Amino acid sequence: MSARGLGADCRIAGALAGSTDFPANGCPRLGLSTRGRRKTWNHPGASSSSVAASPRHPFNHPRSRTLVQFDSVADILAGKKTGQTVHLRGWVHRHRASGGKLAFVVLRDGSGTVQCTVKGGVADPDSLAMAVRAKLEASVSSLEGTVAADERAPGGFEVKVARFTLHEPNGPTGDFPLRGEQGTEFELDMRHLWLRSTELSAILRIKHRLYKAVHDFYDREGFTQVDPSVITTNACEGGSTLFTFDYFGQTAYLSQSAQMYLEGCIFGLPKVYSITPSFRAEKSRTTKHLTEFHHLEAEYAWWNAEDSRVHQEKLVTYMAQTIARECAADLILLKQDPARLAKIGTFQPGEGGEDIDGKRFPRIDYSQAVDRLKQLGFHVNYGDDFGVPHEKALTEGKVNPLFICDWPANIKAFYMAEKPGTDRVLCSDMMGPDGFGELIGGSQRSEDVVSMERRLLAQWKAMAQSKDFDDRRQFKHEWEAIAARLGENATDEAIEQAYLKPYQWYFDLRRYGSVPHSGFGLGIERVLRWFTGQEHIRDMLPYPRTPARAYP
RNA sequence: GCCGUCUUAGCUUAGCUGGUGGAGCUUCGGACUGUUAAUCCGAUGGUCGUCGGUUCAAAUCCGACAGACGGCGCCA
């Protein structure tokens, strides 16, 4: 988050700006009916209002006297508590003291911030002394006071405090390290404390809604969520570098994709999806790469590549519409216009999409994309992969993402289905607008074992001629390792067969009851970055992992 | 892996053609019963990333190294 230039007021944790998610009366999930005859946990008739009627009402248990019912700042700011006595707890968000006889403590409780005025004569002397010396970000375990509307208070309401207690299990709270202007490096070193910022809180709340939207969508679409393992002995796809580790004496990898495991699931459950961490060991230094990211992957029996695209645009549209509707306040806090997201998935004249059922992302064939880039003055030839400048040129200023379809087989993975009579494969990359990058990579999967084995070997052996030194070294290393294992039997053909051996379980899926099928992988953090319009993908997670950072 | 930028007090930074390093915030002390990132007065705080070189003299010029950040490639 490049928050440079923002005032400290915007920077340290705080107001959640209109969230309606916070339990209105403490903890309704533990709500007990105080009136019902059946005094059971999770009584279906238990309503929070029955507890709220008495703000000091302890949980309905004779030994729970210490559990005072706490009020929420959000309710105070909504005017629901005016004139009432409230009990609050939270953190010191701002602190202003004057003369040892008056202190303003702006309290943050996760639902918002409110000014609490601690005055001599109103508060008892111990409370006043504690409030005067309270440090920024100290925790307030108990604050009791009366709510009043007051124009002098930010937000229009303040709490006139009678009792104020700090929670200091390790002695007086020290000086909070984050304040005012901060550099990127310092923010990242202090990530565990920086997580209290309003922006990160807003982003993580939006991410939560995004996950919920995904699960709602797939539930409605009849999909089953499955849990493929993140530990794998398959160095699948080849392309990306994997993190390796010792798994009880054998080399194992942190998975970079659940795809192959999902493919194995569709024969019992024809439509499956998963959300798993995926790991990439490349030293990518960009604003859209993480070494650990969250991967939404889905796989479906009987669907072809275009069926898959229709599904993908439906998913992404649902995500965008849901976030636009449910997270408007957090989007505004992040200086984003919810209307921008609301437009995603709607027909936009001039973007090249067809106006079928009013919602459709444009598609462009790979060779059309090459022609278009040539018109724009790029030096690209049929067969080339696209780089960032090409992607930007094709997506600049658009509302909807763009599908680039049916790429040449030799620059795509071996498992993609060949397009009959061409040198291409049935696949598409969904490119986010304005260079937000590849959001989805998807394809129809090949069912042809001979073709997949041929392409797998061809891509492996091509590494020997690669321009990249690491590729050549890796090929040599792998080849020699297999040869050494085979000993006297190490003919070229035997080595190649040995290389293919780990994939045999995957090819079995084609040998026994194969079906045409398709699937895709979506980078949750990439989509979230696009939705929240943030500069860097690392702020899409609480503890981002990049090549230079695994702490805190 | 390649390319670029940066590294000065706890934090954010100024420091031109080399001549004994300035500020804001924090912290500490003082004043203050209506502040809004409180304000006002005073004080503390710096082997200028590390090592080496040029020079009478280096934060400043040169080199190497380290770390961070960013761009490319790879991808989600």
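Given the structure is predicted, the values throughout are model-derived calculations rather than measurements.

Rules and cut-offs
Residues numbered from 1 in each chain as written. Chains lettered and ligands numbered in written order. Predicted model: local features only at pLDDT ≥ 70, side-chain atom pairs only at ≥ 80, totals over all residues. Heavy atoms only, no water. Near = heavy atom within 4 Å. Polar contact = N/O pair within 3.5 Å; in protein donor to acceptor, adjacent residues only side chain to side chain. Helix = DSSP H or I, 4+ residues; strand = E, 2+ residues; numbered from the N terminus. Nonpolar A, V, L, I, M, F, W, Y, C, P; charged D, E, K, R; others polar. Pairing = 2+ DSSP bridges. Axes fitted to C-alpha atoms, helices over the stretch in contact; angles between N-to-C directions. Contact = heavy atoms within 4.5 Å. Phe/Tyr/Trp six-rings, centres within 6.5 Å; stacked < 30°, edge-to-face > 60°. Buried < 20%, exposed > 50% of the residue type's maximum accessible area, 1.4 Å probe, protein only. Lys NZ or Arg CZ within 6 Å of the ring centre and 35° of its normal. pLDDT = per-residue confidence, 0-100.

*Asks:* Please clarify how the protein's contact with RNA strand B should be interpreted in this entry.
*Replies:* Contacts to RNA strand B come from 56 residues, most closely from Arg152, Arg280, His289, Glu438 and Arg526. Counting only the atoms of RNA strand B within 4 Å of the protein, the fraction contributed by sugar and phosphate is 48%. Glutamine 182 is positioned such that a nitrogen or oxygen atom in its side chain is 3.0 Å from a sugar or linking oxygen of RNA strand B. Glycine 521 has a polar backbone atom sitting 3.4 Å from a sugar or linking oxygen of RNA strand B. When contributions to the surface near RNA strand B are tallied by element, the ones reaching two or more residues are α1 (8-11), β1 (85-98), β2 (102-108), β3 (113-119), β5 (157-167), α5 (184-189), β11 (292-301) and β15 (437-444). With five residues, the single largest contributor to the surface near RNA strand B is β1. For the surface near RNA strand B, the class distribution of residues is 14 nonpolar, 18 polar and 24 charged.

*Asks:* What's the story with the sheet that holds β5 in this structure? I'm lost.
*Replies:* Note: strands within a sheet are paired through backbone hydrogen bonds, in either parallel or antiparallel orientation. Read once around its circumference, the closed barrel built from five strands follows the order β1-β2-β3-β5-β4, with strand pairing classed as mixed. Direction aside, the axes of adjacent strands within the sheet are offset by 50° on average. Pairing of strand β4 (residues 139-149) with β5, which is carried by ten bridges, proceeds in the antiparallel orientation. In the sheet register, glycine 145 faces β5, and the bridge partner there is valine 161. Those strands touched by helix α4 (residues 125-133) are β1, β2, β3 and β5, and its axis lies near 90° from that of β5.

*Asks:* When you look at the packing of aromatic side chains in this model, what are you seeing that I'm missing?
*Replies:* The way to describe two aromatic rings as a pair is by their centre distance and the angle between their planes. Within the structure shown, the criterion is met by 27 aromatic pairs. Between tyrosine 499 and tyrosine 503, the aromatic rings sit 6.4 Å apart at their centres with planes inclined by 50°, giving tilted as the arrangement. What makes tyrosine 499 buried here is its relative accessible area of 14%. Classification of tyrosine 503 as buried rests on a relative accessible area of 5%. For the ring pair tyrosine 506 and phenylalanine 507, a centre distance of 6.1 Å and an interplane angle of 55° mean the geometry is tilted. Classification of tyrosine 506 by relative accessible area gives buried; the value is 0%. We classify phenylalanine 507 as buried; its relative accessible area is 0%. Taken together through their ring pairs, the aromatic side chains of Tyr261, Phe414, Tyr415, Trp460, Phe475, Trp479, Tyr499, Tyr503, Trp505, Tyr506 and Phe507 make up a single cluster. One Lys or Arg, lysine 412, reaches over the ring of tryptophan 407 and ends 4.6 Å from the middle of that ring. One cation-aromatic arrangement involves arginine 510 over tyrosine 506; the distance from NZ or CZ to the ring centre is 4.3 Å.

*Asks:* What exactly am I supposed to notice about the confidence of the model for chain A here?
*Replies:* Caution is warranted with low-pLDDT regions, since their predicted coordinates should not be read in detail. When pLDDT is averaged along chain A, the result is 85; 86% of the residues meet or exceed 70. Here residues 1-65 scores under 50 on pLDDT; set against residues more than four positions off or in separate chains, the count is 122 contacts.

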